[in-house]
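Survey of secondary and tertiary structure
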Amino acid sequence: MAANTTATGYSLEIAELIRSNLTPKRMQEQLSSYHENDIALALDLLNKTERTKLYQILDSEALADILEYSDHIAEYVQELSIRKKVDVFSRMETSDVVDVLRHLEKGERETLIDLLDPEVRSDVKLLSSFDEDEIGSVMSTNYIVVSDHASVKEAMSELVRQAAENDNISTIYVVDQYNIFYGAIDLKDLIIAREGTDLKGIMTCSYPYIYARASIEDCIPQLRDYSEDSIPVLDNDNKLIGVITASDLVEVVGDELNEDYAKFAGLSAEEDLEEPIFLSVKKRLPWLFILLGMGLGVSATVGLFESIVAQLPVIMCFQSLILDMAGNVGTQSLAVAIRVLMDKQLSGKQKLALIIKESRVGLTNGLILGALSFLIIGGYLVLKGNTVPFAFAVSGCLGTAMVLAMLISSLSGTIIPIFFQKIGVDPAVASGPLITTVNDLVAVISYYGLSWIILINIMQLP
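Residues numbered from 1 in each chain as written. Predicted model: local features only at pLDDT ≥ 70, side-chain atom pairs only at ≥ 80, totals over all residues. Heavy atoms only, no water.

Regarding a nonpolar patch on the surface
The criterion, for reference: Patches in this entry comprise residues that are over 30% relatively accessible and not in a salt bridge; like charges within 9 Å are linked, as are nonpolar side chains (Val, Leu, Ile, Met, Phe, Trp, Tyr) within 5 Å. In these tables, accessible area is a Shrake-Rupley quantity obtained with a 1.4 Å probe, and a residue counts as shielded only by the protein chains included in the view. For this document, the term salt bridge refers to a Lys or Arg side-chain nitrogen within 4 Å of an Asp or Glu carboxyl oxygen. Going along the chain from the N terminus, every DSSP run of H or I of four or more residues is numbered as a helix, and every run of E of two or more is numbered as a strand.
Residues Ile277, Val281, Leu285, Leu288, Phe289, Leu292 and Leu296 make up a contiguous nonpolar surface patch of roughly 710 Å² in combined accessible area. Tracing the sequence through the fold places leucine 288 in helix α15 (residues 277–304).

Observations regarding the nonpolar core
Just so we agree on the cut-off: Working definition of a nonpolar core: buried Ala, Val, Leu, Ile, Met, Phe, Trp, Tyr and Cys residues. They are joined through side-chain atoms within 4.5 Å. Exposure is judged per residue with a 1.4 Å probe applied to protein chains only, and the accessible area is read against the type maximum: over 50% gives exposed, under 20% gives buried, and values in between give partly exposed. Throughout, a residue-residue contact means that at least one pair of heavy atoms, one from each residue, lies within 4.5 Å.
In terms of nonpolar packing, the biggest core is built from 53 residues, with Leu31, Leu67, Phe89, Leu101 and Val124 touching the most fellow members. When neighbours within four sequence positions are excluded, phenylalanine 89 is seen to be in contact with Val77, Val97, Val100, Leu101, Leu112, Leu116 and Val120. Grouped together as the second largest cluster of nonpolar side chains are 32 residues, Ile322, Cys397, Ala405 and Tyr448 included.

Quick look at unusual backbone geometry
For asparagine 179, which is not glycine, the phi torsion reads 70° and is therefore positive. Structurally, the position occupied by asparagine 179 is in the loop between β2 (171–175) and β3 (181–186). Look at asparagine 179 and you get partly exposed, because its relative accessible area is 30%. We note that asparagine 238 has phi near 70°; this positive angle belongs to a residue other than glycine. Position of asparagine 238 among the secondary structure elements: in the loop between β5 (230–234) and β6 (240–245).

Things to note about the pattern of salt bridges
In the structure shown here, the tally under the stated rule is seven salt bridges. Note that arginine 26 and glutamate 29 form a salt bridge whose closest N and O atoms lie 3.2 Å from each other. One end of the pair, arginine 26, and the other, glutamate 29, are both in helix α2 (residues 24–31), three residues apart, so they sit about a helical turn from each other. Given a relative accessible area of 40%, glutamate 29 falls into the partly exposed group. For glutamate 79, the salt bridge is made with arginine 51, and the minimal N-O distance between the two is 2.6 Å. Of the two residues, glutamate 79 sits in the loop between α6 (73–77) and α7 (82–89) while arginine 51 sits in helix α4 (residues 48–57), which places them 28 residues apart along the sequence.

Here is the structure:
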């Protein structure tokens, strides 16, 4: 479960309660009136000794419910005794257990897995068999399943029996004798069905499902298209092995958005406040090396136009204007392109339509802003004492360069992520720093190139 990481008034109250001298029984009663998320937040306000006191007072089931809401679950589980860890793991969602185990040393991980109940151990090994970017690694084994040959009465009996161990009961899944997914039944329909009703009469066979080996990124658009409480996860033999619940979906989408947000900044993964400086530097440095090389390329390109700047120093004043506008437009197109690519599976024709649309938007915006720049910069240069022909020649060159730079920046901000997706690279890595550097290069060549052609070669201005 995703935790709210902002401390609340309740969490402060809980921290003071835990620090008090109340008896264990009375403290259990007091804590039971608070939500598990608030107690999880209170853990961050306690020191290790105070948390250990809480671990001893709470039973394993209550502690498992609390830890599932914590952003620091791996850290807090490490503070538990071996026996307490095993008891808590037996009552937690399997996906959370697997996530915690990934943070432990190999020897401790294997010891804990061996001590788990056979059923829990089997579920843990199942989820651990999937890569972290596969949807099977975040699925839940908490669901109700019945046979397609069961009667309504038998299905109700199975529901009651399995509900003791599984609380995701809003949808009951139906499988055949080989555990192949057959369909789903809404809990309400099962409750109101008469005893003699054929189970297949209340079963939905056109129900969404996903395969465990599919990547999380590929599954997100499909998962968001449905409003079901849970969606079944199948293995390659079409056997039901788990479900993705609504809470799993929220967490998965959140993790993917955080990862994409990090990539927009040119990072390889999301960082947090607790991350060591060396690790943060290690993540950021590769991209910075690449961007440094590209930046040197931009600087070298500017150097090629040194003679132009020497003859017309005034044009240097407006370089940043061109660079900023090209970067802004490129970033806007990049954001639109990545959002569309993430939300939909586009055909080649649709991708072409997206490119054409963004180029038209960039051209239109460029014409409007280029015209304004022509008038404003021209007027400014006249007020500075320059002649009208000279002033508006410079501003005209600036305006034309802005139209060209904004058009090309729109195209690059759209084409680059589409190209990255085509070659199997996450389009989010075509991030702000990369697009900005590319657009800087485009803007510099457009601006100084036009200045050389129009102002020096055609108008022969000094």
